[in-house]
Amino acid sequence: MNTKHVTMTMEDLRSPQMQEACEILQQGGLVAFPTETVYGLGGDALNPDSSRKIYGAKGRPSDNPLIVHIADMESLPRVASHISEKAMTLARTFWPGPMTLIFDKQPEVPLETTGGLETVAVRMPSHPIAQELIRQSGVYVAAPSANASGRPSPTRASHVAEDLDGRIDMIIDGDSLKDTSIGLESTIVDMTVEPPMILRPGYITREMLEGAVGTVEVDPAIENRTRTGNRVAKAPGMKYRHYAPKGQMTIVEGPQEKVVDTINDLVREKKALGCKVAVIATSETAGLYQCELVRCAGSRQVKGSIAAGLYDILREMDHLGAEFIFAESFQDDALGTAIMNRMIKAAGYHLIQV
Ligand code: TXA
Ligand code: MG
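A brief structural summary. Bear in mind the structure is a predicted one, so any value in this text is a computation, not a measurement.

## Re the site of ligand 1
Right, so step 1: The immediate surroundings of ligand 1 are formed by 29 residues, with Thr37, Asn64, His69, Ser186 and Gly237 found nearest.
Right, so step 2: Here His69 contributes a side-chain N or O atom positioned 2.7 Å from an oxygen atom of ligand 1.
Right, so step 3: Elements represented by at least two residues in the shell around ligand 1 include exactly β4 (67-69), β7 (119-123) and β11 (197-200).
Right, so step 4: Ranked by residues supplied to the shell around ligand 1, first place goes to β7 with four residues.

## Description of the sheet that holds strand β16 (residues 324-328)
Right, so step 1: One open sheet holds the five strands; their spatial order is β15-β14-β16-β13-β17, and the pairing between them is parallel. Both outer strands of the open sheet, β15 (293-296) and β17 (351-353), are each paired with one neighbouring strand and no more. Pairwise comparison of adjacent strand axes, ignoring direction, gives a mean angle of 20 degrees for this sheet.
Right, so step 2: As paired elements, strand β14 (residues 277-281) and β16 share four bridges and run parallel to each other. Within β16, the position partnered with Val279 by the bridge is Phe326.
Right, so step 3: Each of β13 (248-253), β14, β16 and β17 touches helix α8 (residues 256-272); the most contacted strand, β16, lies at about 175 degrees to it.
Right, so step 4: Most of the contacts of helix α10 (residues 335-346) go to β13, to which it runs at about 135 degrees, and overall it touches β13 and β16.

## Some thoughts on the packing of aromatic side chains
Right, so step 1: Per the stated rule, a full pass over the model turns up zero aromatic pairs.
Right, so step 2: In this arrangement the basic side chain of Lys270 is found over the ring face of Phe324, its NZ or CZ atom lying 4.3 Å from the centre.

## So, the environment of Pro98
Right, so step 1: In this structure, Pro98 sits in the loop between α4 (85-94) and β6 (99-105).
Right, so step 2: Owing to a relative accessible area of 9%, Pro98 belongs among the buried residues under this scheme.
Right, so step 3: In sequence terms Pro98 and Ala334 are 236 residues apart; their C-alpha atoms lie 14 Å from each other.
Right, so step 4: Residues within four places of Pro98 in sequence aside, it is in contact with Glu36, Thr37, Arg123, Ile182, Ser186, Thr187, Tyr203 and Ile204.

## Points about the nonpolar core
Right, so step 1: Counting 43 residues, the largest nonpolar core has Leu41, Trp95, Met99, Leu101, Phe103, Val122 and Leu209 as its most contacted members.
Right, so step 2: At the level of secondary structure, the elements contributing two or more residues to this core comprise α2 (48-58), α3 (76-79), α4, β6, β7, α6 (157-164) and α7 (206-213).
Right, so step 3: Broken down by element, this core gets its largest block of residues, four residues, from α4.
Right, so step 4: The contacts of Met99, once residues within four sequence positions are left out, are Leu90, Ala91, Phe94, Val122, Arg123, Ser186, Thr187, Val189, Ile204 and Leu209.
Right, so step 5: Counting 29 residues, the second-largest nonpolar core is a separate cluster that includes Leu184, Tyr243, Ile280 and Ile344.

## Thoughts on the pairing of β11
Right, so step 1: Relative to β11, strand β10 (residues 187-190) is paired through three bridges, and the arrangement is antiparallel. Its bridge partner lying in β11, Val189 is registered against Ile198.
Right, so step 2: Counting the residues between successive antiparallel strands, the hairpin from β10 to β11 contains six residues.
Right, so step 3: Taken together, the two bridges between β11 and strand β12 (residues 217-218) define a ladder with parallel strand orientation. Looking across to β12, one finds that Ile198 is bridged to Val218.
Right, so step 4: Read from β11 through α7 to β12, the crossover connection turns out right-handed.

## Things to note about the pattern of salt bridges
Right, so step 1: Under the definition given, this model contains 22 salt bridges.
Right, so step 2: Residues Lys86 and Glu194 are paired through a salt bridge, measuring 2.8 Å at the closest nitrogen-oxygen approach. Residue Lys86 is found in helix α4, and its partner Glu194 is found in the loop between β10 and β11; the two are separated by 108 residues along the sequence.
Right, so step 3: With its nearest N and O atoms 3.5 Å apart, the salt bridge here joins Arg206 to Glu210. Residue Arg206 and its partner Glu210 are both found in helix α7; the two are separated by four residues, about one turn of the helix.
Right, so step 4: Among the charged side chains, a network of salt bridges with common partners joins Arg151, Glu162, Asp163, Lys246, Arg315 and Asp318.

Criteria and thresholds
- Residues numbered from 1 in each chain as written.
- Chains lettered and ligands numbered in written order.
- Predicted model: local features only at pLDDT ≥ 70, side-chain atom pairs only at ≥ 80, totals over all residues.
- Heavy atoms only, no water.
- Near = heavy atom within 4 Å.
- Polar contact = N/O pair within 3.5 Å; in protein donor to acceptor, adjacent residues only side chain to side chain.
- Helix = DSSP H or I, 4+ residues; strand = E, 2+ residues; numbered from the N terminus.
- Pairing = 2+ DSSP bridges.
- Axes fitted to C-alpha atoms, helices over the stretch in contact; angles between N-to-C directions.
- Contact = heavy atoms within 4.5 Å.
- Phe/Tyr/Trp six-rings, centres within 6.5 Å; stacked < 30°, edge-to-face > 60°.
- Lys NZ or Arg CZ within 6 Å of the ring centre and 35° of its normal.
- Buried < 20%, exposed > 50% of the residue type's maximum accessible area, 1.4 Å probe, protein only.
- Core = buried A, V, L, I, M, F, W, Y, C linked by side-chain atoms within 4.5 Å.
- Right-handed = clockwise from strand over helix to strand, strands pointing away.
- Salt bridge = Lys/Arg side-chain N within 4 Å of Asp/Glu carboxyl O.

Structural data, given as structure tokens:
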């Protein structure tokens, strides 16, 4: 398949290119598009063939359900049922934005889209290209992250092309509208249980959700710090190996000085064996490492900068051919919870306490 690459700015929201993207969706094809979290791989959520194509293009296990993206509140009851007052409050407070809610599904949503579940995940994105694509196509857009299954989610159009070029109909490059980009996937909240439960941490934190609707629980599996962490995640996608660079990644956790010393020791050890080694540091510590390949994830003072840069750095590790990767850890609070959740998976649960 020949994948069409188009670049869009704010001026292109009503362009012939947008028109073409809408037609692809209407005809059951696949379009990768930017959102405020990561790039999504979109297809018609009500068309079982489109959903099958999405699984095929990503190489994704078909029991891992897709998120249905909508552009207005009127669309919500068309795909979801039993929408509680709390769900309405969360939707009004955090949509459009990086939050996904789980509901009982409407019969019109095929099981192909929901990975065989009777529930459906719904999100209203705030990115203008995503919004216009949904609105102008009139399609409810099923969209997982636009990466090959198992790889880090794409935060740039080039990441999408790396994984899916030749496998989908179109890639919309919206990198120029990136200034609002969060870089981690949406917070998923299960609204079919009471109290609501976070199934995947993200930019919208537990504290923010609780501020709107009171008690919110967290799927205990999110706190797993070991692979055999005994608890099975309730979001099917959270159980898969994910976000992983090809090299072996290890996170070192502890007081900053000890972390730096330990990572320097480990780097020396691996280099002595002739291995290619890289370090994922922060701007506060980057200068302290004796390693040729140090990548700075961002500043500890600005957690958002680390979230925004993380997946790009994980992909860069592959380009650099890093065989061993040592990373600092982040405090497990607020946005740090989401960052650590992704990093621990990327590291395949290799975590050293010092
Ligand atoms: O920010 C995002 O959410 C991005 C952008 C493109 O919107 N999308 C995204 O989709 O991250 P994906 O497919 O990579 O992750 C969807 C997650 C998976 O872990 C999946 O198992 C879970 O949502 N999920 C979807 N439907 C579900 C359901 N009915 N019940 C429980 N978990 C569900
Ligand atoms: Mg994904």
